[in-house]
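Residue strings, one per chain:
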Amino acid sequence: MSDNVLNQLRNKRNRPTVTPRQDALLTQEQPQAQAQEQNSLPQPTPVTELANSTAATADTIAELKAELEKYPQTRRHSAIVLEKDLDQELTRFCKELGITVEVFLEAAWTVASTDNALTEKITTEAKRRYDQRKRVGQIKRLITMLSNPSK
């Protein structure tokens, strides 16, 4: 069996190579012209063009930064662990709406936080689920400890 695995590893190293692609859209003269262009020294850009280009780029960046300031800042959050079935259902739901799960959670929190009764209901469910998750973690830890007795 180990000989079979060793042969499989050896065969993976000896994969066939793909021949270089021949692009049918390029004529034979074009690659030569491209090679000549690469060997020639680059032509300096006129100073006025460079100044106009730099000014336009700076203006564009300033406009984009000003627009960006109008929106709330975001921050990357750690990965979220969800129940498998709930994750699939939520992902499918969000895909159908053309939104991300993160944006849905933001919107759900924004709506829920304005309604005290709804927030209380969600908090009660969250605490129940949290206790359940803690128990699952304890069970998994015990299974690991009992499966791997110290030597």
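Note that the structure is a prediction, hence the values are computed from the model and not measured. (Residues numbered from 1 in each chain as written. Predicted model: local features only at pLDDT ≥ 70, side-chain atom pairs only at ≥ 80, totals over all residues. Heavy atoms only, no water.)

(A) Main features of the overall build of the protein chain. Secondary structure assignment for the protein chain yields six helices and zero strands. In the protein chain, the order of α-helices and β-strands from amino to carboxyl end is α-α-α-α-α-α. Relative to its 151 residues, the protein chain shows a buried fraction of 3%. Surface summary for the protein chain: the accessible area is close to 15100 Å², and the carbon and sulfur share equals 57%. (Helix = DSSP H or I, 4+ residues; strand = E, 2+ residues; numbered from the N terminus. Buried < 20%, exposed > 50% of the residue type's maximum accessible area, 1.4 Å probe, protein only. Areas by Shrake-Rupley, 256 points an atom, 1.4 Å probe, with all protein chains shown as cover.)

(B) A look at helix H6 (residues 116-147). Taking 1.5 Å of rise per residue, 32 residues should cover 46 Å, and H6 covers 46 Å from first to last C-alpha, within 8% of that figure. With a side-chain oxygen positioned 3.1 Å from the backbone nitrogen of alanine 117, the residue opening H6 is aspartate 115. (Expected span 1.5 Å × (residues − 1). Polar contact = N/O pair within 3.5 Å; in protein donor to acceptor, adjacent residues only side chain to side chain.)

(C) View of the pattern of salt bridges. Counted under the stated rule, the structure contains four salt bridges. A salt bridge links glutamate 83 to arginine 129; its shortest N-O distance comes to 2.7 Å. With glutamate 83 in the loop between helix H3 (47-68) and helix H4 (84-97) and arginine 129 in helix H6, this pair connects stretches of sequence that are 46 residues apart. Taking relative accessible area as the criterion, glutamate 83 reaches 33% and is therefore assigned partly exposed. (Salt bridge = Lys/Arg side-chain N within 4 Å of Asp/Glu carboxyl O.)

(D) Geometry of a nonpolar patch on the surface. Taken together, the side chains of Ile80, Leu82, Leu86 and Leu105 present a nonpolar region at the surface, about 310 Å² in accessible area. What makes leucine 105 partly exposed here is its relative accessible area of 35%. (Patch = residues over 30% accessible without salt bridge, like charges linked within 9 Å, V, L, I, M, F, W, Y side chains within 5 Å.)

(E) Region of the structure containing the confidence of the model for the protein chain. Confidence in the prediction of the protein chain, expressed as mean pLDDT, is 80, and 72% of residues score 70 or more. Averaged pLDDT values for the elements of the protein chain fall to 54 in helix H2 (residues 29-39) and rise to 95 in H4. (pLDDT = per-residue confidence, 0-100.)

(F) Spatial organisation of the environment of tryptophan 109. Looking at the element boundaries, tryptophan 109 is found in helix H5 (residues 101-112). The exposure class assigned to tryptophan 109 is exposed, which follows from its relative accessible area of 55%.

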